[in-house]
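A closer look at the structure
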Amino acid sequence: MKHYLILAAALSLVACNRDKTAEAGVEGVNAGATVTNDTANPTVDNPNVVSENEAPNPNAPVMKFTESEFDFGDIKPDTKVHHTFTFTNTGKSPLLIADATASCGCTTPSWTKEPVAPGAQGTMEVQFDSRGKQGIINKQVAVRANTQPNITTIAIKGNVLTNPAADKPL
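No experiment lies behind these values; they were computed from the predicted model shown. (Residues numbered from 1 in each chain as written. Predicted model: local features only at pLDDT ≥ 70, side-chain atom pairs only at ≥ 80, totals over all residues. Heavy atoms only, no water.)

Bringing the environment of Thr152 into the picture now. Positionally, Thr152 belongs in strand 8 (residues 151–160). Along the chain, Thr152 and Lys64 lie 88 residues apart, while their C-alpha atoms are 9.3 Å from each other. Not counting the four nearest positions on each side in its chain, Thr152 is found in contact with Met63, Phe65, Val141, Ala142, Val143 and Thr147. (Helix = DSSP H or I, 4+ residues; strand = E, 2+ residues; numbered from the N terminus. Contact = heavy atoms within 4.5 Å.)

Right, here's the structure in full:
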């Protein structure tokens, strides 16, 4: 009997809460959902993206590449090829490259490590290893620096020729 009384009390509390929700109307229910949604999805600041209301820094360094893409043309199989991209800091403060990341492990960037003064030039050498590759290649290198925006992308492309030894039957 004691269990029935507890169950009845619990049901009456649920019934009461249900009635109060209905009394709150659509606005009350939606207001609660908005608070919950804002808590579940907080705004996150991404340091790699300039916000819409943030003014660009007129004194920021500017990385200006002489070319943003290089075509190796035909590449012999199982060889390493490289190209040096040149850039100029056309901004008003020293440019510093934090890092450069290739889209694939077969592509290796190396760059000027010291700050590049306004008006001065720096380099970004990109090496591609064709070992195990065949056909058309397109590889990107994302260069992260103290510029606005802070990511600049350069690219290499080419055609890795077929290895004649691979075509011979065993």
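On we go from here.
Here Ser110 shows up in strand 5 (residues 107–111). Overall, the relative accessible area of 38% leaves Ser110 in the partly exposed class. C-alpha separation for the pair Ser110 and Ala100, spaced 10 residues apart in sequence, amounts to 7.6 Å. In this view, Ser110 contacts Thr123, Met124 and Glu125; residues no more than four positions away in its chain are not counted. (Buried < 20%, exposed > 50% of the residue type's maximum accessible area, 1.4 Å probe, protein only.)

With that settled, the discussion passes to the side chain of Asp129. Relative to the elements of secondary structure, Asp129 occurs in strand 6 (residues 121–129). Looking at Asp129, its side chain comes within polar contact range of the side chain of Arg131, at 2.7 Å. Sequence-distant contacts of Asp129, that is, excluding residues within four places in its chain, are made with Thr79, Lys80 and Cys106. (Polar contact = N/O pair within 3.5 Å; in protein donor to acceptor, adjacent residues only side chain to side chain.)

Every regular strand shows the same layout, with side chains that alternate between the two sheet faces. Alignment of strand 3 (residues 80–89) against strand 6, held across 9 bridges, turns out to be antiparallel. When the bridges of strand 6 are listed, Thr84 appears paired with Glu125. With 5 bridges joining them, strand 5 and strand 6 adopt antiparallel strand pairing. Bridge pairing in strand 6 places Trp111 opposite Met124. (Pairing = 2+ DSSP bridges.)

What follows deals with the nonpolar core. Counting 23 residues, the largest nonpolar core has Met63, Phe65, Ile97, Met124, Phe128, Val143 and Ile154 as its most contacted members. Looking at this core, the elements with two or more residues in it are strand 1 (63–65), strand 2 (69–75), strand 3, strand 4 (97–102), strand 6, strand 7 (135–145) and strand 8. Ignoring sequence-local partners within four residues, the contact set of Ile154 consists of Phe65, Ser68, Phe85, Met124, Val126, Lys139, Gln140, Val141 and Val143. (Core = buried A, V, L, I, M, F, W, Y, C linked by side-chain atoms within 4.5 Å.)

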